[in-house]
Amino acid sequence: MIQKRQTQIWFLFILILMIMLLSFFQQTIRRFLLKSRAEGNELTVKLKLQGHFEQIQIPSYKTKVVLYTSEGKAKELSDQQLTKDAENFFKLLVSLGDLDLAKLYAVFIKPDKYVGKIFCSSNQTGADCKSPAIILKPRQNNLDLSQFTFLSGDLQVQDGKVSAFDLSKIIKDLGKITNDYLESDVNGDRVVDTVDYSLALYSLGQNAGDDVVNFASASASPTPSQTISPTPDLTVTPTHSSQLTPTPTSPTTPTPTQSQSQAGTCNSTLNGKIYVNAGVFGQKCRVLDNEQHHYCVINQSECNATSCLAKFKETAKQILPACSNGLATLDEQKTQVDCQTQFSQGACTPEPTPGCEDNRPAC
Amino acid sequence: MSSKKLAYFFLFFLAFYLISLIALKEYYEKKLAKLSAEKKTLQEDLKRQSQPPNVSLNDIFLLAKKNKLVNQAKKGQMYFSAKTNKLGKDEWLVIIMLEGDPESIADASDLRLDLDGSIETADLTTGDAFPLYPRKVTSNNAVLITGITSINKSNITFGSAGKTFVTLKVKKTQVLKVPAKISIDPKETAIYLNAENILDQTKNFKEILLY
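What you are looking at is a predicted structure, and each value in this text was computed from that prediction instead of being measured.

A. The state of the cysteines, seen in detail. Residues and elements named next belong to chain A. Tallied over the entire structure, the rule returns 6 disulfides over all chains. Here C285 is linked by a disulfide to C363, with a sulfur-sulfur distance of 1.7 Å. The disulfide joining C285 to C363 has a torsion of about -70° about its S-S bond and is therefore left-handed. You can see C285 sitting in strand 14 (residues 283-297) and its partner C363 sitting in the segment after strand 16 (336-345), a full 78 residues away along the chain. Look at C285 and you get buried, because its relative accessible area is 13%. Accessibility expressed as a relative area gives 48% for C363, which makes it partly exposed. What links to what in chain A: the bonded cysteines, counted in sequence order, pair as 1-2, 3-6, 4-12, 5-10, 7-9, 8-11.

Structure representation (structure tokens):
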């Protein structure tokens, strides 16, 4: 009787233990059992896109992917997500479904805002891609195409080439900011600026267009019909460097006449930081590092730190709104500038009126 | 089942349970670490997204200048005109002008010319209608030139009318009884302002005959 009781207790104990074990393992079991059914055949492609994306948050591009065999188009997938990975390359995960893995494939990839490229293998693209040679295996396939750069500039509605129309769209949208999709924001940094212009301009200079697909009856997106012996005068004109040189602040003080013997030039050296409120673009801070200026004064007493500072601020308050259509203004409270002056008697040539250029380094 | 067997059974399960506990602990710790890293990245991205985009002062000045120029300009259509100068027996100079109101502007333009098989382009020189010509492509039977607005820091220069777009030197490669012909490709030729095609097709030249 006691033994029987003992047996029952042991049995119960082991049962409870097994249930506990199962509960720990259920996730693992689920993953193991369901893995082979749900995962299927996949192709992971690594790409490089024209542009710098290090500072850009989660850029992703909808991408068209077309798989070709030597007979023609085998599978077409649209709106595939191309996303940035940790190394600033882009990754595309394509579900191959029930594709016949016994054949050889070529893959045509066309991201949004970029021109499309055809690949017969990981090192054959464009005109070199004459015959499909990609072997696909069951389950996972990896294709590293990062040695080739996709050129940007083919904006919506994509016509397979970068043309004057695409550049015109970017120029039209210059300055636009968005938290959503904007076709002319080529690099996905939420603003249409000179970087987008430069990217598309480079592609235009290369006469960029979709690769032609020549397999059997296949034809990919239309290619521009030009080119053969191009005379590309590829001029990028990178435009914008946020590198700067100071925008001098020359007040429009009248030139002192030479007949006033005490008149002269007040040479000033500015150091400090200037803060500019730029509306929706936030606040900008610029460093003044031994910046040299001069202005004309009637007598030596006008050449002092106080008047120098006043003139500097007055000029900044005039120039900033004028150059930015009222958007940018001087933040007088935060701006901290130190002015050292030195008077030199004699004829004075006023400093030229500054242009609308920001050449000072950022803080 | 005897107590001894049950005891062995129990010990086996206990051992199995302890080993799997350790293995799973490691697995989930790694997973947690990966998820934490992912969470951190997403949080950083969200933080960046909540900040205003990185726009420089030069970009702001550029935008103001661009808007000013576009608003000041006269809105109107433009077109291409062509004139020819005979240089020799079988050689011509073809000058293509960008025409329109002198106060009108364009931000980009494509011009595609198709040459008949009897002539070829010997030389191509861009004009001053646009400050920048990033694309000049010639082949045996076609010429494609693109003029673009130039942007340099905070300076922007649009294309303007009444100036030369391109000058071509063409020469005959075949002697034919009929005049050689250069025709404009209307589908690939356009003049844009604010992404709108402002090319006046009615005034635009259709073809050039070279006698």
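And the narrative resumes.
B. Highlighting the pattern of salt bridges. All told, the structure shown has 17 salt bridges over all chains when counted by the stated rule. Between E71 of chain A and K103 of chain A there is a salt bridge whose closest N-O contact spans 3.2 Å. Within this pair, whereas E71 of chain A is found in the loop between strand 2 (60-69) and strand 3 (72-84), its partner K103 of chain A is found in the loop between strand 4 (90-95) and strand 5 (104-111), the two being separated by 32 residues in sequence. The shortest N-O distance in the salt bridge between R360 of chain A and E291 of chain A comes to 2.8 Å. Taken as a pair, R360 of chain A in the segment after strand 16 and E291 of chain A in strand 14 lie far apart in primary sequence, 69 residues in all. Accessibility expressed as a relative area gives 6% for R360 of chain A, which makes it buried. Connected via shared salt-bridge partners are K161 of chain A together with R112, D114, D185 and E188 of chain B.

C. Structural context of the packing of helix 2 (residues 164-173) of chain A against helix 3 (residues 194-205) of chain A. All names here are of chain A. One way to put it is that helix 2 packs onto helix 3 with a least axis distance of 10 Å and a crossing angle of 170°. Taken together, the axes of helix 2 and helix 3 lie roughly antiparallel to each other. Counting all contacts with helix 2, which are made through A164, L167, I170 and I171, the residues of helix 3 involved are D196, Y197, A200, L201 and L204. A per-class count over the contact of helix 2 with helix 3 returns 8 nonpolar, no polar and 1 charged.

D. Helix 2 (residues 57-72) of chain B, seen in detail. Here helix 2 of chain B contains 16 residues, and its C-alpha end-to-end distance of 22 Å stays within 8% of the 22 Å for a straight helix at 1.5 Å per residue. Within helix 2 of chain B the residues assigned to the buried category are L57, N58, D59, I60, F61, L62, L63, A64, K66 and V70 of chain B.

E. Highlighting the sheet that holds strand 5 (residues 119-126) of chain B. All names here are of chain B. On the basis of which strands lie adjacent, the open sheet formed by 4 strands has the order 1-2-11-5 and antiparallel pairing. A single partner strand is all that each edge strand has here, and the edge strands are strand 1 (78-88) and strand 5. Direction aside, neighbouring strands of the sheet carry axes that sit 25° apart on average. One ladder, built from 8 bridges, connects strand 2 (residues 91-100) with strand 11 (residues 163-172); its direction is antiparallel. Counterpart to L93 in the pairing with strand 11 is K169.

How each quantity is defined
- Residues numbered from 1 in each chain as written.
- Chains lettered and ligands numbered in written order.
- Predicted model: local features only at pLDDT ≥ 70, side-chain atom pairs only at ≥ 80, totals over all residues.
- Heavy atoms only, no water.
- Disulfide = S-S within 2.5 Å.
- Helix = DSSP H or I, 4+ residues; strand = E, 2+ residues; numbered from the N terminus.
- Buried < 20%, exposed > 50% of the residue type's maximum accessible area, 1.4 Å probe, protein only.
- Salt bridge = Lys/Arg side-chain N within 4 Å of Asp/Glu carboxyl O.
- Axes fitted to C-alpha atoms, helices over the stretch in contact; angles between N-to-C directions.
- Parallel < 35°, antiparallel > 145°, perpendicular 65-115°, else oblique.
- Contact = heavy atoms within 4.5 Å.
- Nonpolar A, V, L, I, M, F, W, Y, C, P; charged D, E, K, R; others polar.
- Expected span 1.5 Å × (residues − 1).
- Pairing = 2+ DSSP bridges.

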